[in-house]
Amino acid sequence: MRGTQLPGVDLSVWPKAVVLLLRNPSIVVVPLLMAVIGVAIQLTLPGGGVAGAATAGLGGLIIRLLMLFGLGTACIIADDAWRHGRASFDQGWIEARRRAGEIFFAAIGLTLLLAVASYAGLLFNAPVVSYILAAAVIFFCIWTIPAAAIGGVPGGAAIQISIDRVRANVLSAALSAITFVGLVVFAVPALSLWLTGLMLPYSGGSLIVIVLTGAVLDAIAIGYTALVITKTYGDASFGGRRY
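As a starting point, this report considers the structure included with it. (Residues numbered from 1 in each chain as written. Predicted model: local features only at pLDDT ≥ 70, side-chain atom pairs only at ≥ 80, totals over all residues. Heavy atoms only, no water.)

Topic: the environment of I103
So, step 1. Take I103: it is sitting in helix α5 (residues 100-123).
So, step 2. Taking C-alpha positions, I103 is 21 Å from A136, a pair spaced 33 residues apart along the chain.
So, step 3. Those residues within four positions of I103 in sequence are excluded, and the remaining contacts are L68, F69, G72, T73, I76, A96, I145, A148 and A149. (Helix = DSSP H or I, 4+ residues; strand = E, 2+ residues; numbered from the N terminus. Contact = heavy atoms within 4.5 Å.)

See the structure below:
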């Protein structure tokens, strides 16, 4: 059964992704590892001055690439979960290492596009321009990482493949992009802030506890997003033949 439908969209993907994430917590393992490494990088970055700003910029780039690699690995394991109900972490990790070059290549291209969107706003002294361009990048490139991770697409072509699939499946891509932005950009920071306040009396104000809480929430959000974009990309690219 295809479940509840909108034109070109299987709305059952979103509740089914919750069930699959609960059945396959291994989907969040690599995103969590990448998030923890990102936390370690943040805690070791120097602050202040030109050197500190440059180091922070490089550190931010590395953290984004690690997050996207975690997303790519989660997409590979999520693909297995959609196919069989239960995913093998070992097989997923082997495939992720095999596809690592393509995932990182696609991640670099996506990160550069987001950087251009950010700098465009600075250039015109209009933050709203950055937000609009970033939203456009996320929308048209929402399937870039699954294309590189599970689509057999070279990393250098993944962005173009995503754009092509999005143009043919606008509503599905829009809902997938909203899922990513809603969870990773808005829900996780808000929930992390709330949990930080809740745990503050018990954590003694420990920065490590606070940032690790955020890392766990990030990993869960990325794991769920991976399930959604993997399935919607698979449907857009292969239809019912893949799942």
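What about the side chain of R99?
So, step 1. Relative to the helices and strands, R99 is located in the loop between α4 (89-98) and α5.
So, step 2. It turns out R99 is buried and unbridged, and the closest side chain with the opposite charge, E95, is 4.9 Å from it.
So, step 3. Excluding residues that lie within four positions of it along the chain, R99 makes contacts with A148, A149, G152 and V153. (Buried < 20%, exposed > 50% of the residue type's maximum accessible area, 1.4 Å probe, protein only. Lys, Arg positive; Asp, Glu negative; His and termini not counted. Salt bridge = Lys/Arg side-chain N within 4 Å of Asp/Glu carboxyl O.)

Comments concerning the environment of L112
So, step 1. Note on placement: L112 falls in helix α5.
So, step 2. Between the alpha carbons of L112 and L61 there is a distance of 9.3 Å; along the sequence they are 51 residues apart.

Re the packing of helix α2 (residues 29-44) against helix α10 (residues 207-238)
Two measures define how a pair of helices packs: the angle their axes make with one another and the distance between the axes.
So, step 1. α10 packs onto α2 with a crossing angle of 145 degrees between their chain directions and a minimal axis gap of 8 Å. Where α2 crosses over α10, the handedness of that crossing is right-handed. Side by side, α2 and α10 meet where P31, L32, A35, V36, V39 and L43 of the first sit next to L207, I208, V211, L212, A215, V216, A219 and I222 of the second.
So, step 2. In terms of residue class, the contact of α2 with α10 is built from 14 nonpolar, no polar and no charged. (Axes fitted to C-alpha atoms, helices over the stretch in contact; angles between N-to-C directions. Left-handed = near helix turned anticlockwise from the far one by under 90°. Nonpolar A, V, L, I, M, F, W, Y, C, P; charged D, E, K, R; others polar.)

Nothing here speaks to function; it is all geometry.
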